[in-house]
Amino acid sequence: MISLTRLTNGTLKRTAPEMNPLLEIRNLQTSFHTPYGTGRAVNGVSFSMNKGEIIGLAGESGSGKTMTALSILRLLPENKVHISAEALRFNGLDLLSMTDEEMRMIRGHKISMIFQDPVAFLNPAFTIGQQLTDTILTHMKISKQEAAALAVETLSKVGFTAPEHKFHYYPHQLSGGMAQRTMIAQAIVTRPQLLIADEIATSLDATLQNQIIDLMLLIRQELSSAMILITHNLALISQMADRIAMMYAGEIVEIADKENLFRNPFHPYTIGLLESIPRIDKKSEFLKTIPGNIPDIFHYPAGCNFSDRCPRVMEICCHKKPGYYELSPGHKALCWLGERAATT
Amino acid sequence: MNRILLKACNLSKTFTVKKSLFFSNRMERVAAIRNISFQLYQGETFGLVGESGCGKSTLSKTLLRLLKADDGEVYFGLTQEQFLKLESARPLTGIGDGEENQEYRALRSQYNLTEMSEKSLFPYRRKIQIIFQNPYSSFNPRLRVREILEEPLLIHGVGSKQDREETLYEMLEKVGLNRDYAKRFPNEFSGGQQQRIGIARALILNPELLIADEPVSSLDVSVQAQIINLINRIRRDMHLTVLFISHDLSVIRQVADRAAVMYGGRLMEIAPTEALFANPLHPYTDLLIKSAPVIRIGQGSDFSRWEYHHDPARNEVVYETGCSFRAKCRDAMPVCEQLIPGLLEVQPEHFVACHRLPVPTGTLQNKGSLS
Ligand SMILES: Nc1ncnc2c1ncn2[C@@H]1O[C@H](COP(=O)(O)OP(=O)(O)O)[C@@H](O)[C@H]1O
Ligand code: SF4
Ligand code: SF4
Ligand SMILES: [Mg+2]
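Residues numbered from 1 in each chain as written. Chains lettered and ligands numbered in written order. Predicted model: local features only at pLDDT ≥ 70, side-chain atom pairs only at ≥ 80, totals over all residues. Heavy atoms only, no water.

Enquirer: I'd like to hear about the overall build of chain A, residue by residue, with values.
Expert: Check the secondary structure of chain A and you find 12 helices and 13 strands. Its C-alpha atoms give chain A a radius of gyration of 21 Å, near enough to 20 Å, the size a compact globule of 344 residues would have. Referenced to the eigenvectors of the C-alpha coordinate spread, the extents of chain A come out at roughly 65 × 50 × 45 Å. Counting only residues that meet the buried cut, chain A has 58% of its 344 residues in that class. A separation of at least 24 residues holds for 66% of the contacts in chain A among residues at least 6 apart in sequence. For chain A, the exposed surface amounts to about 14300 Å²; the carbon and sulfur share of it is 55%. Here chain A carries 33 positive and 33 negative side-chain charges, and the mean point of each set is 3 Å from the other. (Helix = DSSP H or I, 4+ residues; strand = E, 2+ residues; numbered from the N terminus. Rg over C-alpha atoms; globule rule 2.2 N^0.38 Å. Buried < 20%, exposed > 50% of the residue type's maximum accessible area, 1.4 Å probe, protein only. Contact = heavy atoms within 4.5 Å. Areas by Shrake-Rupley, 256 points an atom, 1.4 Å probe, with all protein chains shown as cover. Lys, Arg positive; Asp, Glu negative; His and termini not counted. Charge placed at Lys NZ, Arg CZ, Asp CG, Glu CD.)

Enquirer: Please provide a residue-by-residue account of the site of ligand 1, values included.
Expert: All names here are of chain B. In the vicinity of ligand 1, 11 residues are found, and the nearest of them are G53, G55, K56, S57 and T58. Side-chain polar atom of S57 to an oxygen atom of ligand 1: 2.6 Å apart, as the coordinates give it. Separating an oxygen atom of ligand 1 from a side-chain N or O atom of T58 is a distance of 2.3 Å. Against a free-state accessible area of 560 Å², the protein chains account for coverage of 60% of ligand 1. Looking at the shell around ligand 1 element by element, the count peaks at three residues for helix α1 (residues 56-64). Split by residue class, the shell around ligand 1 holds four nonpolar, five polar and two charged. (Near = heavy atom within 4 Å. Polar contact = N/O pair within 3.5 Å; in protein donor to acceptor, adjacent residues only side chain to side chain. Nonpolar A, V, L, I, M, F, W, Y, C, P; charged D, E, K, R; others polar.)

Enquirer: Outline the pattern of salt bridges, supporting the account with residue identities and numerical values.
Expert: Working definition: two side chains of opposite charge can pair if their charged atoms are close together. Under the defined criterion, the tally for this structure stands at 35 salt bridges over all chains. E259 of chain A is the partner of R263 of chain A in a salt bridge, and the nearest nitrogen-oxygen pair spans 2.7 Å. With R263 of chain A and E259 of chain A both in helix α10 (residues 258-263), this residue pair falls four residues apart, about one helical turn. The partly exposed category is assigned to E259 of chain A, whose relative accessible area is 29%. R125 of chain B is the partner of E118 of chain B in a salt bridge, and the nearest nitrogen-oxygen pair spans 3.5 Å. (Salt bridge = Lys/Arg side-chain N within 4 Å of Asp/Glu carboxyl O.)

Enquirer: Give a description of the environment of G43 of chain B that names residues and reports values.
Expert: Residue and element names in this part refer to chain B. By the element assignment, G43 lies in the loop between β2 (27-41) and β3 (45-49). For G43, a relative accessible area of 34% puts it in the partly exposed group. Those residues in contact with G43 that sit more than four places away from it in its chain are R235, L240, T241 and D257.

Enquirer: Please give an account of the sheet that holds strand β7 (residues 111-114) of chain A that cites residues and values.
Expert: Backbone-to-backbone hydrogen bonds join strands into a sheet, with any given pair of strands oriented parallel or antiparallel. Residues and elements named next belong to chain A. Ordered in space as β7-β8-β9-β3-β10-β11-β13-β12, the eight strands form an open sheet in which the pairing is mixed. Whereas interior strands pair on both sides, the edge strands pair on one side only; in this sheet they are β7 and β12 (324-328). Here the strands of the sheet are splayed against their neighbours by 20° on average, with no regard to which way each runs. Inspection of the sheet shows strand β3 (residues 54-58) paired to strand β10 (residues 243-248) by four bridges, in the parallel sense. Residue pairing across strands places A58 opposite M246, the latter belonging to β10. Packed on one face of the sheet, helix α7 (residues 176-188) meets β7 and β8 (194-198) and runs near 170° to β7. Together, β10 and β11 (251-257) form the strand contacts of helix α11 (residues 268-275), whose direction differs from that of β10 by roughly 100°. (Pairing = 2+ DSSP bridges. Axes fitted to C-alpha atoms, helices over the stretch in contact; angles between N-to-C directions.)

Enquirer: How would you sum up the packing of helix α4 (residues 128-139) of chain A against α7 of chain A? Please name residues and give values.
Expert: All names here are of chain A. Relative orientation of the contacting elements α4 and α7 amounts to 20°, with a least axis distance of 9 Å. Our classification of the angle between α4 and α7 gives roughly parallel. Of the two possible hands of crossing, α4 and α7 adopt the one that is right-handed. Of the residues in α7, those touching α4 at I128, Q131, L132 and T135 are T182, A185 and Q186. Partitioned by chemical class, the residues of the contact of α4 with α7 number three nonpolar, four polar and no charged. (Parallel < 35°, antiparallel > 145°, perpendicular 65-115°, else oblique. Left-handed = near helix turned anticlockwise from the far one by under 90°.)

Enquirer: Pulling in residues and values, what's your account of the confidence of the model for chain B?
Expert: All names here are of chain B. Predicted confidence across chain B gives a mean pLDDT of 84, with 84% of residues reaching 70 or more. Mean pLDDT across the elements of chain B ranges from a minimum in strand β16 (residues 369-370), with 43, to a maximum in β3, with 97. A low-confidence stretch, residues 367-371 stays under pLDDT 50, and its non-local contacts, those more than four residues away or across chains, total 14 contacts. What the predictor reports for the complex is a pTM of 0.80 with an ipTM of 0.74. (pLDDT = per-residue confidence, 0-100.)

Enquirer: Let's hear about the confidence of the model for chain A: which residues, and what values?
Expert: Summing up the model confidence of chain A, the mean pLDDT is 86 and the portion of residues at 70 or higher is 92%. Low confidence marks residues 1-17 of chain A, where pLDDT is under 50. Its contacts with residues over four positions away, or in another chain, come to 44 contacts.

Enquirer: I'd like a description of α7 of chain A, backed by residues and values.
Expert: With 13 residues, α7 of chain A ought to run about 18 Å at 1.5 Å a step, and its terminal C-alpha atoms sit 19 Å apart, in line with that. Along α7 of chain A, the residues classified as buried are G177, M178, A179, Q180, R181, T182, M183, I184, A185, Q186, A187 and I188 of chain A. (Expected span 1.5 Å × (residues − 1).)

Enquirer: Can you explain the pairing of strand β6 (residues 209-213) of chain B? Please cite residues and give values.
Expert: All names here are of chain B. Of all five residues that make up β6, five are buried, and the element is covered over most of its length. Taking every second residue as pointing to the same face, both faces of β6 are buried, with L209, I211 and D213 on one and L210 and A212 on the other. Alignment of strand β5 (residues 128-131) against β6, held across four bridges, turns out to be parallel. Pairing of I130 across the sheet is with I211, part of β6. Bridging between β6 and strand β7 (residues 241-246) involves five bridges; their strand directions are parallel. Opposite I211, over in β7, you have L243 as the bridge partner.

Enquirer: Break down the site of ligand 3 for me, with residues and values.
Expert: Near ligand 3 there are 13 residues, and of these C323, C329, C336, C354 and H355 of chain B occur at the shortest range. Per-class residue counts for the shell around ligand 3 are eight nonpolar, two polar and three charged.

Enquirer: Go over the packing of aromatic side chains, please, and point to the residues and values.
Expert: Counting across every chain of the model gives nine aromatic pairs over all chains. Look at F38 of chain B and F46 of chain B: their rings are 5.5 Å apart centre to centre, the planes differ by 10°, and that puts the pair in the stacked class. Owing to a relative accessible area of 1%, F46 of chain B belongs among the buried residues under this scheme. Centre to centre, the rings of Y263 of chain B and F325 of chain B are 5.1 Å apart; their planes meet at 85°, and the pair counts as edge-to-face. Here F325 of chain B lies in the loop between β11 (300-302) and α12 (335-338) and Y263 of chain B lies in strand β8 (residues 258-263), a separation of 62 residues in the sequence. According to the relative accessible area criterion, F325 of chain B is buried, its value standing at 2%. Among the aromatic residues, those joined into a cluster by ring pairs are Y248, Y269 and F306 of chain A. Note that K127 of chain B overlies the ring of Y124 of chain B, its terminal NZ or CZ placed 5.3 Å from the centroid. Lying across the ring of F277 of chain B, R253 of chain B places its NZ or CZ 4.4 Å from the centre. (Phe/Tyr/Trp six-rings, centres within 6.5 Å; stacked < 30°, edge-to-face > 60°. Lys NZ or Arg CZ within 6 Å of the ring centre and 35° of its normal.)

Enquirer: Could you give me a rundown of helix α6 (residues 161-174) of chain B, with the residues and numbers involved?
Expert: Residues and elements named next belong to chain B. With 14 residues, α6 should cover 20 Å at 1.5 Å per step; its first-to-last C-alpha distance of 20 Å lies within 8% of that length. Those residues of α6 that sit buried are R164, L168, Y169, M171 and L172. Along α6, the residues classed as buried sweep out an arc of 160° about the axis, all on the same side. Projecting away from the buried face of α6 at angles above 90 degrees are the exposed residues Q162 and E170. Contacts made by the buried residues of α6 are with α5 (145-155) and α7 (191-203). (Arc of directions from axis to C-beta.)

In structure tokens form, the structure reads like this:
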């Protein structure tokens, strides 16, 4: 039985009120002020997640995935960027009204982020053990020896053999997979409640990807951390996430639990993206593509943001913004086709 | 089978890296590629797949001599007669290195790209072109697209000013870019458009071989599909031979006629692409295929992964002896630690390097060796 609910623009009605969401985001807007005008990078993103839940944030580069994450962590320069939200709460605490000092304690301790390019975030002048120990000492009141021991333990947890020995490695001595593991070690050493990972396994081959996937799932099992996994690789996210949010031009255009999203994709953008993935199980003479480019953050089309690329565009799409339609419990799409589905 | 355009024999390249940054200056030698032999047929797209760091880029750079190989030969564009002459002069394996054979030495130094002079190599630089994962880093950011495309024509002294203009506008159109873009700077373009500019620059000299090193790896799937389609179309139009490098086996399946699988600096398997997928004979190929997730729309995603001999940390091990894949191999035997398996033709055009395979009657692509 499909229940369709017309929801007001920008906000998502929750199907079942969650008791204590770990993270609650309502109508998040992030914009850049420049001499050329205001660029809107995040355009009313709303979702909430429970403790231990893994959400995949998927979409093309430039769609606002990383900006959403950086806004949650308030890692953007405040003089150039304006962040607003009806709600941005972590464990019930309002992140937007926190002082910088309070925010610093949350970052790296309660919420950790793993960045795309691990090598760029490791200091080439210090061993990975020293860097891990330093992170521990900033967040925990323990002795240097205890911190070093914890660093070794964490290295072994992320899969280093002979961690006491690897403790003394410099970043340049690490292979791509090892560097990624080191970043993961940095991020989990304080046992955060929320881990945000930006494109962590995208550039690795399938076997190494699977090892990182297994590692992330193991971390969730051991630390019960919730995770936001950012990626443009849907195949990769399909193996980790409980729910998937598809982003396009600063908006979540479709959100559903993983099985539902792949079984019944609804939004034309989601369908286009799924169809353009090269498949390992068959050769196609010509791969399907989505023509055109994502709009830049200064110039959105009138009406639906996807209207200039959408194969199913209708008249209304070009002048009026669609709202969210709930296609089945927890499965929502930002598309006028939702209304048509409602009347048939 | 078509004529052989490029033949690589026993290519090896070792890097020397400093072991520790400050405290000691111990130098360590890291073998990036070892004993690589394969050939490219005219007009085919040959896929090269393997995890990052396995040596794919090193191999492509030694072919072009952007890196100097320590050992091995690369032949390009020889006629069948020249090949025959070379092969008949080549001493039998195991009987010296050919040092004693005057005729062989002479032919080799005449044709072999890895040992010829910079001057003799120059015309080959025009015939072999390369595109990279991040084209932007190979552009001079102060040059406009027009100048970026004109540069190779100038270096190789091609055409008059007017010819060059015409060629570059034609090329822009061929890769699906607007003529007006010639006036712009590379940083004004998206990743996909930059890769199109990279392709235009590589093809403007009308090369015979295009080496594409992870050309779509940093692009979004929808853009990735556009670039793959573009490369597929252009290679037919221009009768190009393409060496397509990727860490993603699904991409290789879409583009390649034949493919090679690389691990730890060595080739594990070479086969026609469809045979490779239908009948992978090397345990690593099998693992790669089974590790790749499959998404079927309407049926949900399929993540039945092969449970392999799992010890993530063993990745770090680089072996100097025996089979480089043995730490991950479900089939490893004692002999795999001592003997490097040779790449043998076990079925027509299907080469595999693995001790598990029955001794074949086919030919030896390169010899296995002790230690
Ligand atoms: N300039 C260099 N100096 C030292 N080591 C290098 C250099 N280039 C590559 N390597 C090493 O050689 C190996 C193969 O690298 P590469 O050919 O780039 O692999 P791939 O292209 O398959 O990712 C890696 O271990 C890498 O760290
Ligand atoms: S609202 Fe219209 S243009 Fe937008 S995705 Fe739906 S059908 Fe396409
Ligand atoms: S040679 Fe041995 S270790 Fe290597 S792939 Fe074959 S069985 Fe496995
Ligand atoms: Mg490479």
